[in-house]
Amino acid sequence: MPDILDVLHARCAEIAAEAILSGEEHPNLTLTTREVEDLLDHIDDLHRRYCDIDLAYRELDHRYTVLRRATSEATASLERIRAALEQRTAHPEARARQACTIAGFAARNLTAASLDPDRTAS
């Protein structure tokens, strides 16, 4: 059987042509039981695909939110590194260790966010 949308298109064109010729304002479209079944199957398939797409969108949106939060935290870490390195009162090695600790935390947090959005470090 041809695709149900092709059948509907052809049938509607036929009905519209008849309505134009007869002057009828509200023509009726008649479908067979099989055509109605095909149409319902097609609607069900469209609904299923919509649900799949909607779920994928929600997952992507969640992932975007997690990555956005992680990049904001990494940006704040860079500011903390800059502040730590500018401290003139601390010993240079202590400043470097502090900067490395902050950078390591930021790197782990970004890595966790990019691998598994539900496993971000706090």
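Predicted, not measured: the structure shown is a model, and the values here were computed from it.

### Focus: the overall build of the protein chain
In step 1: For the protein chain, the count of helices and strands is three helices and zero strands.
In step 2: Of the regular secondary structure in the protein chain, the N- to C-terminal order runs α-α-α.
In step 3: Its C-alpha atoms give the protein chain a radius of gyration of 31 Å, more than 25% over the compact-globule value 14 Å for 122 residues.
In step 4: Principal-axis analysis of the C-alpha atoms gives the protein chain an extent of 95 × 25 × 20 Å.
In step 5: For the protein chain, buried positions account for 19% of its 122 residues.
In step 6: Taking all contacts inside the protein chain whose residues are at least 6 apart in sequence as the whole, residues at least 24 apart take part in 52%.
In step 7: Put simply, the protein chain shows about 9,300 Å² of open surface, and 59% of that area lies on carbon and sulfur atoms.
In step 8: Distance between charge centres in the protein chain, computed from 15 positive and 22 negative side chains, equals 22 Å.

### Quick look at the confidence of the model for the protein chain
In step 1: On average, residues of the protein chain carry a pLDDT of 87, and 93% of them reach 70 or more.
In step 2: Across the protein chain, the secondary-structure element scoring lowest on mean pLDDT is helix 1 (residues 4-22), at 88, and the one scoring highest is helix 2 (residues 33-86), at 93.

### A word on the pattern of salt bridges
Side-chain pairing between opposite charges can occur once the charged atoms of the two side chains come close.
In step 1: The full count for this structure, using the stated rule, is nine salt bridges.
In step 2: Taken together, the salt bridges that share partners define one network made up of Asp44, Asp45, Arg48 and Arg49.

### As for the environment of Arg108
In step 1: Within the secondary structure, Arg108 is located in helix 3 (residues 92-115).
In step 2: Spatially, the C-alpha atoms of Arg108 and Ala70 are 10.0 Å apart, while their sequence positions differ by 38 residues.

### Structural notes on the packing of helix 2 against helix 3
In step 1: Orientation of helix 2 relative to helix 3, taken along the N-to-C sense of each, is 175°, at an axis distance of 9 Å. The orientation of helix 2 relative to helix 3 falls into the category roughly antiparallel. Seen from helix 2, the contacting residues are Arg63, Val66, Leu67, Ala70, Thr71, Glu73, Ala74, Ser77, Arg80, Ile81, Ala84 and Leu85; seen from helix 3, they are Arg95, Gln98, Ala99, Ile102, Ala103, Ala106, Asn109, Leu110, Ala113, Ser114 and Leu115.
In step 2: Grouping the constituent residues of the contact of helix 2 with helix 3 by class yields 14 nonpolar, five polar and four charged.

### Quick word on helix 3
In step 1: Here helix 3 is 24 residues long and its end C-alpha atoms lie 34 Å apart, about the 34 Å a rise of 1.5 Å per residue gives.
In step 2: Looking only at helix 3, the buried set comprises Arg95, Ala99, Ile102, Gly104, Ala106, Asn109, Ala112 and Ala113.
In step 3: Buried residues along helix 3 sit in contact with helix 2.

Quick notes on the rules
Residues numbered from 1 in each chain as written. Predicted model: local features only at pLDDT ≥ 70, side-chain atom pairs only at ≥ 80, totals over all residues. Heavy atoms only, no water. Helix = DSSP H or I, 4+ residues; strand = E, 2+ residues; numbered from the N terminus. Rg over C-alpha atoms; globule rule 2.2 N^0.38 Å. Buried < 20%, exposed > 50% of the residue type's maximum accessible area, 1.4 Å probe, protein only. Contact = heavy atoms within 4.5 Å. Areas by Shrake-Rupley, 256 points an atom, 1.4 Å probe, with all protein chains shown as cover. Lys, Arg positive; Asp, Glu negative; His and termini not counted. Charge placed at Lys NZ, Arg CZ, Asp CG, Glu CD. pLDDT = per-residue confidence, 0-100. Salt bridge = Lys/Arg side-chain N within 4 Å of Asp/Glu carboxyl O. Axes fitted to C-alpha atoms, helices over the stretch in contact; angles between N-to-C directions. Parallel < 35°, antiparallel > 145°, perpendicular 65-115°, else oblique. Nonpolar A, V, L, I, M, F, W, Y, C, P; charged D, E, K, R; others polar. Expected span 1.5 Å × (residues − 1).

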